[in-house]
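A structural walkthrough
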Amino acid sequence: MESLGLRAVGSHCSLSEMDDLDLNRALDRPRLKIERKRSFDERSMSELSRHDSPRGRSVLDTPLSSARNSFEPHPMMAEAWEALRRSMVFFRGLPVGTLAAVDNTTDEVLNYDQVFVRDFVPSALAFLMNGESDIVKHFLLKTLQLQDSEKRVDRFKLGKGVMPASFKVSHDPIRETDHLVADFGETAIGRVAPVDSGFWWIILLRAYTKSTGDLTLSETPECQKGMKLILSLCLAEGFDTFPTLLCADGCSMIDRRMGVYGYPIEIQALFYMALRCALSMLKPDGDGRECIEKITKRLHALSFHMRNYFWLDYQQLNDIYRYKTEEYSHTAVNKFNVMPDSIPDWVFDFMPLRGGYFVGNVGPAHMDFRWFALGNCVSIMSSLATPDQSMAIMDLLEHRWDELVGEMPLKICYPCLEGHEWRIVTGCDPKNTRWSYHNGGSWPVLLWQLTAACIKTGRPQIARRAVDLIESRLHRDCWPEYYDGKLGRYVGKQARKYQTWSIAGYLVAKMLLEDPSHIGMISLEEDKLMKPVIKRSASWPQL
Ligand code: GLC
């Protein structure tokens, strides 16, 4: 193990189990009934019970070596650890993050020589799972200091709570000192501030706390203030009529124009997860109490809105297909006045009888029916999706494996935009041509989120199948950032090699499968007081 760069550690689940908001009792449960035949799959049962113990640790106490799914380290893991360590960034002697890519095959560095907040998340999880928490702590503290700096785009001052998209260490040769230079969107393509960074920061703070049991970091006045500043940007009262968060195109992982403005699923799922994580860490003193109250109310409204209006399955699709339009007053069924004619043809064929997902966006007369992987996986991890909805998302992944996974996990969105639609929606973006990059490209980093969702739903065999695909190519192709093509067969047109989050995402997926109790760091339970009924997997039989 040591030779692989791995240390054998367990993950503590040190935040009190009760810290996770016992939301569900308070929330309206969606009126959903999903019929499914559950095949008897003993293996999944035993895997489920392994991570279903009260503290998230194995109740079976089986030594890993003799366990049914014994963990044979793949040679790729040693290679991945080495590459991850090569990407580490140091500031005044301390590790503070990882570079987005260490690609020596190209001179075109762009901003891939920076530490991106969102990119660092899988690196941080890999380090935490390996018992190396220092780099995560320093990262959290440094980005917190950066949040404090003044940020402007031309003459316009950005909100105090905005967290950087990325930062780099800059060396002053005259004074012989290093300092950090951050980008809050003021130098980014399109000049959009990263809405997801603050959410990831809060999610990572909880992961650190859960993993190390070190409550002293999240309880510092600085961290408490940092969380409140991030949340004050999202919880401020305004003209909103929806509890979802309104944002500009390109403010998250998809950081170019892709028609994800308005209320994109990725941001709503991360918003929900960050709110719940913050709730478990905020101290109810002074303005903390007020913030907690606001969060609780928002969670209540947000989960209702998402579970009802963003959810799409065969039944819901049929209902929308038959919607009346131009309805006034409180009795309206078609509340957002979605025109049935706007339903794209592909959805009718794509939607299986069993399965469903959260659509990409819902707003006035607007429903973006595209599938987005990150938002759906985070919905499962955060329990924004009810247990039935989570199972339905996994069912969809199985039914539509070729479309959503293909030969390289995982399609960032499905389907792609082409022709006239591509011209209008992306603004003729040459990087986002059909089935490339953000426009239906396949991103290996998404493997860790898929794996987390699989473990949460007790269906690890789906993740194993995806890991097998990754292991057959990723290393050979030098860890590309993304793949192109309908099946994800081709290394992406402009993909970086040695992309750090492709490397770290693989490590996290492997470590999650090896020790599913790690899931506690990045998942939130639906309802702690209601003992979950152990459900048998509805997945394919073991391959
Ligand atoms: C690309 C991705 C973005 C990522 C960045 C650094 O711009 O779209 O999500 O953070 O590269 O890897």
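The text that follows walks through the structure, step by step, so that each part is easy to find. Note that this is a predicted model, so its numbers are computed, not measured.

What counts and what doesn't
- Residues numbered from 1 in each chain as written.
- Predicted model: local features only at pLDDT ≥ 70, side-chain atom pairs only at ≥ 80, totals over all residues.
- Heavy atoms only, no water.
- Pairing = 2+ DSSP bridges.
- Helix = DSSP H or I, 4+ residues; strand = E, 2+ residues; numbered from the N terminus.
- Phe/Tyr/Trp six-rings, centres within 6.5 Å; stacked < 30°, edge-to-face > 60°.
- Buried < 20%, exposed > 50% of the residue type's maximum accessible area, 1.4 Å probe, protein only.
- Lys NZ or Arg CZ within 6 Å of the ring centre and 35° of its normal.
- Axes fitted to C-alpha atoms, helices over the stretch in contact; angles between N-to-C directions.
- Parallel < 35°, antiparallel > 145°, perpendicular 65-115°, else oblique.
- Left-handed = near helix turned anticlockwise from the far one by under 90°.
- Contact = heavy atoms within 4.5 Å.
- Nonpolar A, V, L, I, M, F, W, Y, C, P; charged D, E, K, R; others polar.

1. Considering the sheet that holds strand E3 (residues 115-116)
Within the open sheet, the three strands sit side by side as E3-E6-E7. Their pairing is antiparallel. Edge positions in the sheet fall to E3 and strand E7 (177-183), since each of these pairs with one other strand and no more. Where strand E6 (residues 166-172) meets E7, seven bridges bridge the pair, whose relative direction is antiparallel. Counterpart to Ser170 in the pairing with E7 is His179.

2. Notes on the packing of aromatic side chains
Scanning the model with the defined rule gives 22 aromatic pairs in all. Seen in terms of ring centroids, Tyr437 and Trp443 are 5.6 Å apart; in terms of plane orientation they differ by 35°. Their pairing is tilted. Taken individually, Tyr437 and Trp443 each receive the classification buried, so the pair is uniform in this respect. On the numbers, 5.5 Å between centres and 25° between planes, the contact of Trp443 with Tyr482 is stacked. Of the two residues, Trp443 sits in the loop between helix H15 (419-426) and helix H16 (446-456) while Tyr482 sits in the loop between helix H17 (460-473) and strand E14 (483-484), which places them 39 residues apart along the sequence. Side by side, Trp443 and Tyr482 carry an identical accessibility label, which is buried. By way of ring pairs, the aromatic residues Trp346, Phe350, Tyr357, Trp371, Tyr414 and Trp435 are connected into one cluster. We note Lys431 situated over the ring of Tyr437; from NZ or CZ to the ring centre the distance is 4.3 Å.

3. Here's the deal with the packing of H16 against H17
In the contact formed by H16 and H17, the axes pass within 7 Å of each other and the chain directions differ by 160°. Taken together, the axis directions place H16 and H17 in an arrangement best described as roughly antiparallel. The two elements H16 and H17 cross, and the hand of that crossing is left-handed. Touching Leu447, Leu450, Thr451 and Cys454 of H16 are Pro460, Ile462, Ala463, Ala466, Val467 and Ile470, all from H17. Tallied by class, residues from the contact of H16 with H17 come to nine nonpolar, one polar and no charged.

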